[in-house]
Amino acid sequence: MTAMDDWFTAFPIRPAAKAVEALCESWRVLGAVRRPNFHPGTKEPYLTRALKTHVERVTAHEYGLLGMWATEAVQNEVNFDTGELIEERRTDIVYGWNNEEIGIQLVFEFKKLNGLARSRRHYLGENGLGRFVTGVYSRGQPIAVMVGVLTDPEDQVVPPLRSALANTKTVVSLRLRLRPNGKAFDRPSQLFLEADFDTEHERDANLAPSHGTIRVAHIFLVFGYTTP
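Quick summary incoming for the structure in this document. Predicted, not measured: the structure shown is a model, and the values here were computed from it.

Remarks on the environment of Lys18
As for its position among the elements, Lys18 is in helix α2 (residues 13-30). C-alpha of Lys18 to C-alpha of Tyr63: the two residues are 45 residues apart in sequence and 7.9 Å apart in space. Lys18 has contacts with Tyr63 and Leu65, leaving out every residue within four places of it along the chain.

Printed below as a string of structure tokens:
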């Protein structure tokens, strides 16, 4: 049994899976119709704040889901020798849960996605997926979630994104651990039913859990109507 198998066996996957299910259900409700302040043209931070509030106040209660939801939780990197604040980031949505033995902080990082190459680069770059690799997001956590909010049809966005992961520069910059079949991702996801695929990334020791890698589930959300 590998270190990855060890953590997967021990990880409280059920509350994490219920949190993902609840978040996606809240999106289905809010995104079902075009609302004056919740639509493809709405800025990403406003979408995530509305989504977090709905899942926290409505769907989590319907699902009997315990735990804490937060938006824009501050993530800092500090030099303890000098006290200098080196980096500060704010996560889009975080779900926190714990019992007497283990706790999780499941970070959801949101990015709007269309069919253009620059949109893919933003999703895969240092201010997107890279935040879970070389950035300070999900320090010590074994899993995280990237969420793509699609503003173009899925078949124009997601397959090219999966193909972009195979680029050699992308594999290196994202420290991707290739799968046994040589691909850059596992599809279907091994973490969540709602995810399209998973990627696994090497992290520096000061950011990684004990087994040295983080697994990221990739979820793609669509609006329930045709977008321009």
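Here's the deal with helix α3 (residues 44-62)
Taking 1.5 Å per residue, 19 residues should reach 27 Å; α3 reaches 26 Å between its end C-alpha atoms and fits that length. Along α3, the sharpest kink reaches roughly 45°, centred on Val55. Of all the residues in α3, the buried ones are Leu47, Thr48, Leu51, Lys52, His54, Val55, Thr59 and Ala60. Phi turns positive, to about 65°, at Gly64, one or two residues after α3.

What about helix α5 (residues 154-164)?
Along α5, the residues classified as buried are Val157, Val158, Leu161 and Arg162. With its buried residues spanning 115° around the axis, α5 presents them on a single face. Seen from the open side of α5, the exposed residues pointing more than 90 degrees away from its buried face are Asp155 and Ser163. Where α5 is buried, its residues touch β3 (103-113), α4 (117-124), β4 (143-150), β5 (197-202) and β6 (213-221).

Rules used in this analysis
- Residues numbered from 1 in each chain as written.
- Predicted model: local features only at pLDDT ≥ 70, side-chain atom pairs only at ≥ 80, totals over all residues.
- Heavy atoms only, no water.
- Helix = DSSP H or I, 4+ residues; strand = E, 2+ residues; numbered from the N terminus.
- Contact = heavy atoms within 4.5 Å.
- Expected span 1.5 Å × (residues − 1).
- Bend = angle between axes of the 7 residues up to and from the residue.
- Buried < 20%, exposed > 50% of the residue type's maximum accessible area, 1.4 Å probe, protein only.
- Arc of directions from axis to C-beta.

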